[in-house]
Amino acid sequence: MSDQTNLTNFSGDKKAWPVYITIGNLPSARRNSPGSMAVLLLALLPIPPKLSKSSKADQRQRKINADTLQDVFELIFAPLQDVAHTGIAIDCADGKVRQCFPILSAWIADHMENVALHGLKTNACPKCEVPTHELGTNARSHRTRDYARYQRYKPENQNSGSESDDDHIMCDNLGIGQNIFHRLDRVSASDLYKPDMLHTIYLGLFKHMMDWIEGFLKKHGRLQAFDDVWKALPPYPGFLVPKKAYREVTQWQGKEMRNLGRCILGVLAVALRQPGGAQVIPFKRALGCVRALVDFNMMAQYRSHTSDTIAYMEDYLDQFHKLKDIFLEFRVTKRTQDKVDKQRKEIRRQRALVIERVAPSLRRRMRDDNRQEENDLCLDLVRGESH
Amino acid sequence: MESSVSHNLEASERQDSDCESDPGPAGSEPDEFCRDIAYGSDTEVFDDATSPSAGKQIHYEGAGQVIGDVDGFEHEYSNLCDDPWAPFNSEQGFKLASWFIEGKVSKSRINQYFSSGLGDAESVGYSSMHTLENHLRLLDPYSQYLQWFEGQVEDGQRTLPFFYRNALGCVRYLLRQIAYRDDLVYAPRHEYDSTGQRIYAEMHTADWWWDVQV
């Protein structure tokens, strides 16, 4: 009956890994307001050390770390395990006792943490079995991950090399560790992952969109025009006037990204005014693509949805994918980038895919704790700076 | 299994709001607080609550059923209504304490405040940081749910400590907070707008809770 939304976050240079817990019985407005104190610190864990990929010793260490992580979370979740089926009588705030079934229902974290907790490789989707080469496309039909099945297959695969294509794809994305949630009763591990505004849209797609736009403007000689408009934005209630040209900002916060979402389309439209003959079509497509993404972002912020609004969001998404080719050349560029960059690219494309999970996920659950997530990130930034 | 109950949202909100309530943590006047709740100005979750055609709901029958009363709740509750400032002996004492804490006044400055005779220890009921802390401890009667435990992780090279709380304890703590009394939702439901479209908003209106409910 009750359940929790959890959230993890790495904090500055303090090297701790806090895990938070809250309950879904509280309306999100109440739960997420900082003064309500409805989000409790559940655990404070040490951060596993970063390891290089190549060395054998590190490989072994990685396995040990993964097992340790599993043990720690099993210990933390143990009290919930017993009561997921039987329920337990809990005193409620209105003076009544109710039979409660506390079940873990969501886990909010960034992508790297999600893949670590789900026992996946970094370029895998925690939600479905989309193959790596299809990341960033509009693919929506892939099978939901069945983590219990992975556990059965895993030991066998290490011995025998014979596996069907299907299983090969499936196991391709598995990391060294296990999914730490797969043994929890009544919890569907693939449903725990929830997209949030900050990571998926602001830090994910918006950021890359800005890279694309920058490349696009450069090619068409409109960069200066863009910066001029950007700096000339007038103040408006609830809108923070950007102080620097957007290229000069090195670190974007959630709040600034939200601002960007509000003004980018207008700024871009002005910067791309009066196109020359050959520019008409690319400019139109670029604006259309950005508009689809901004519209999607705006709608994602709705507090409640109906099937109509979700259909709108899916339309915007289709529109975005249809028009995004205009930016193709500005996406991942040089082939000579080293391995690290390749990895980054995967994550980038991964994010583009992840956003497709937003719409269906909304049907399952609304109102992920995006604002909470932002608050925590801001807090962490402040903390990181003050130490 | 499912029963279809259609009723006005507004009416259902008003129903449980005529009772006396505890003072808010921010220390507003008790009667002001009650008035707040009665007119629902505190939380406006449903925008369309005012339109009478909106708000058809389907409730999950039997969910969130009451199976008993909390021992001593009546006593605790009447104490809270009789003496809303407890464990402080006056409104002034409570307000000064929350001013200190919200203003992040340092311990030494608080001690200085009393030692230099700026504050009237008699009327606020505490005279130093130490005695204030004793009051604050009493303010949270359920803090035993939030006890910390220490564990050890061994990563092959080092042994590191980590800290955790009982997850079930955290749930108990949150559900027990009288401050959340009017906000807590105990059962899932389906909500529909005036055109009959399903609304997905708060968690209890979406599918997950409905699916997992037993």
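As the structure is a prediction and not an experimental result, all values here were calculated from the model.

## A word on the overall build of chain B
No. 1: Helix and strand counts for chain B come out as nine helices and seven strands.
No. 2: The buried share of chain B, reckoned over its 214 residues, is 19%.
No. 3: Taking contacts inside chain B between residues at least 6 apart in sequence as the whole, the part at least 24 apart equals 56%.

## Some details on the overall build of chain A
No. 1: If you tally the helices and strands in chain A, you get 14 helices and six strands.
No. 2: Taken over 387 residues, chain A has a buried fraction of 39%.
No. 3: When contacts within chain A are restricted to residue pairs at least 6 apart in sequence, those whose partners lie at least 24 apart make up 69%.

## Quick word on unusual backbone geometry
No. 1: In this structure, the amide linkage connecting B:Ala86 to the following residue, B:Pro87, adopts the cis form with an omega of 5°.
No. 2: When you line up the elements, B:Pro87 lands in the loop between α3 (73–82) and α4 (91–102).
No. 3: In this model, A:Met37 sits at a positive phi of 55°, which is unusual for a non-glycine residue.
No. 4: Along the chain, A:Met37 falls in the loop between α1 (28–32) and β3 (40–46).

## A look at the interface of chain B and chain A
No. 1: In this assembly, 54 residues from chain B lie in contact with 58 residues from chain A.
No. 2: Counting only elements with at least two residues in the side of chain B that touches chain A, the list comes to β3 (66–69), α3, β4 (148–154), β5 (159–165), α8 (167–176), β7 (198–199) and α9 (207–212) of chain B.
No. 3: If you tally residues by element for the side of chain B that touches chain A, the top one is α8(B), at nine residues.
No. 4: Where strand β5 (residues 96–100) of chain A and β3(B) come together, three bridges link them in antiparallel fashion. Considered in β3(B), the bridge of A:Arg98 is made with B:Val66.

## Section: the nonpolar core
No. 1: Core analysis: the biggest nonpolar cluster contains 54 residues, and A:Leu42, A:Leu192, B:Ala167 and B:Cys170 have the highest contact counts within it.
No. 2: Residue assignment for this core shows that the elements contributing at least two residues are β2 (16–21), β3, α2 (56–86), β6 (103–108), α3 (111–118), α4 (147–159) and α6 (189–192) of chain A together with α8 of chain B.
No. 3: Tallying contributions element by element places α8(B) first for this core, with seven residues.
No. 4: Setting aside anything within four residues of it in sequence, one finds B:Cys170 in contact with A:Ile21, A:Leu40, A:Leu42, B:Tyr145, B:Leu146 and B:Arg165.
No. 5: With 33 residues, the next largest nonpolar core counts A:Phe216, A:Leu217, A:Ile264 and A:Tyr316 among its residues.

## Observations regarding the sheet that holds strand β4 (residues 88–91) of chain A
No. 1: Judged by pairing direction, the sheet is antiparallel, and its three strands sit side by side in the order β4(A)-β5(A)-β3(B) without closing on themselves. Each end of this open sheet is capped by a strand with a single partner; those strands are β4 of chain A together with β3 of chain B. The sheet shows a mean angle of 35° between the axes of neighbouring strands, direction not considered.

## Considerations on the packing of helix α8 (residues 223–231) of chain A against helix α9 (residues 254–271) of chain A
All names here are of chain A.
No. 1: Remark: α8 packs on α9, axes separated minimally by 8 Å, with the N-to-C direction vectors making an angle of 135°. Considering the angle they form, α8 stands oblique to α9. For the crossing formed where α8 meets α9, the hand is right-handed. In this structure, α8 contributes Ala-225, Phe-226, Val-229 and Trp-230 to the contact, and α9 contributes Val-267, Val-270 and Ala-271.
No. 2: Looking at the contact of α8 with α9, its residues break down into seven nonpolar, no polar and no charged.

## Topic: α8(B)
No. 1: With eight of its ten residues buried, α8(B) lies for the most part within the structure.
No. 2: Buried within α8(B) are the following residues: B:Ala167, B:Leu168, B:Cys170, B:Val171, B:Arg172, B:Tyr173, B:Leu174 and B:Leu175.

## Re the confidence of the model for chain A
Residue and element names in this part refer to chain A.
No. 1: Considering every residue of chain A, the mean pLDDT works out to 75; 74% of them sit at 70 or more.
No. 2: Considering each helix and strand of chain A separately, the mean pLDDT is smallest for helix α14 (residues 370–386), with a value of 37, and largest for β4, with 91.
No. 3: Long-range and interchain partners of residues 333–340, a stretch whose pLDDT sits below 50, account for one contact in this model, where long-range means more than four residues apart.
No. 4: The low-confidence segment residues 365–387, where pLDDT is below 50, has 57 contacts with residues more than four positions distant or belonging to other chains.

## Details of the environment of A:Lys255
No. 1: The residue A:Lys255 is located in helix α9 in this model.
No. 2: Sequence spacing of A:Lys255 and A:Gly238 is 17 residues, and the spatial spacing of their C-alpha atoms is 11 Å.

## Here's the deal with the environment of A:His111
No. 1: In this structure, A:His111 sits in helix α3.
No. 2: Sequence spacing of A:His111 and A:Arg273 is 162 residues, and the spatial spacing of their C-alpha atoms is 38 Å.

## Let's talk about the packing of helix α7 (residues 197–219) of chain A against helix α10 (residues 280–300) of chain A
All names here are of chain A.
No. 1: It is the contact of α7 with α10, at a shortest axis distance of 12 Å, that shows an interaxial angle of 165°. Considering their axes alone, α7 and α10 lie roughly antiparallel with respect to each other. Considering how the two elements wind past one another, α7 and α10 form a crossing that is left-handed. Contacts from Met-197, Ile-201, Leu-205, Met-209 and Phe-216 of α7 reach α10 at Ala-286, Val-290, Leu-293, Asn-297 and Ala-300.

## A look at the confidence of the model for chain B
If pLDDT is low for a region, its predicted coordinates should not be looked at in detail.
Residue and element names in this part refer to chain B.
No. 1: Confidence in the prediction of chain B, expressed as mean pLDDT, is 75, and 74% of residues score 70 or more.
No. 2: Least confident of the elements in chain B is helix α1 (residues 9–15), whose mean pLDDT is 38; most confident is α8, at 92.
No. 3: In this model, residues 1–53 is a region of pLDDT below 50 whose contacts with residues beyond four sequence positions or in other chains number 61 contacts.
No. 4: If you check the scores for this complex, the pTM reads 0.73 and the ipTM reads 0.73.

## Looking at the pairing of β5(B)
No. 1: One ladder, built from two bridges, connects β3(A) with β5(B); its direction is antiparallel. In the sheet register, A:Ala43 faces β5(B), and the bridge partner there is B:Tyr164.
No. 2: Pairing of β4(B) with β5(B), which is carried by seven bridges, proceeds in the antiparallel orientation. Paired with B:Val153 across the bridge in β5(B) is B:Leu160.
No. 3: Linking β4(B) to β5(B), which pair antiparallel, is a turn of four residues; within it B:Gly156 sits at a positive phi near 95°.

Reading guide: rules and limits
- Residues numbered from 1 in each chain as written.
- Chains lettered and ligands numbered in written order.
- Predicted model: local features only at pLDDT ≥ 70, side-chain atom pairs only at ≥ 80, totals over all residues.
- Helix = DSSP H or I, 4+ residues; strand = E, 2+ residues; numbered from the N terminus.
- Buried ≥ 20, exposed ≤ 12 C-beta atoms within 10 Å, placed from the backbone.
- Contact = placed C-beta atoms within 7 Å.
- Pairing = 2+ DSSP bridges.
- Core = buried A, V, L, I, M, F, W, Y, C linked by C-beta atoms within 7 Å.
- Axes fitted to C-alpha atoms, helices over the stretch in contact; angles between N-to-C directions.
- Parallel < 35°, antiparallel > 145°, perpendicular 65-115°, else oblique.
- Left-handed = near helix turned anticlockwise from the far one by under 90°.
- Nonpolar A, V, L, I, M, F, W, Y, C, P; charged D, E, K, R; others polar.
- pLDDT = per-residue confidence, 0-100.

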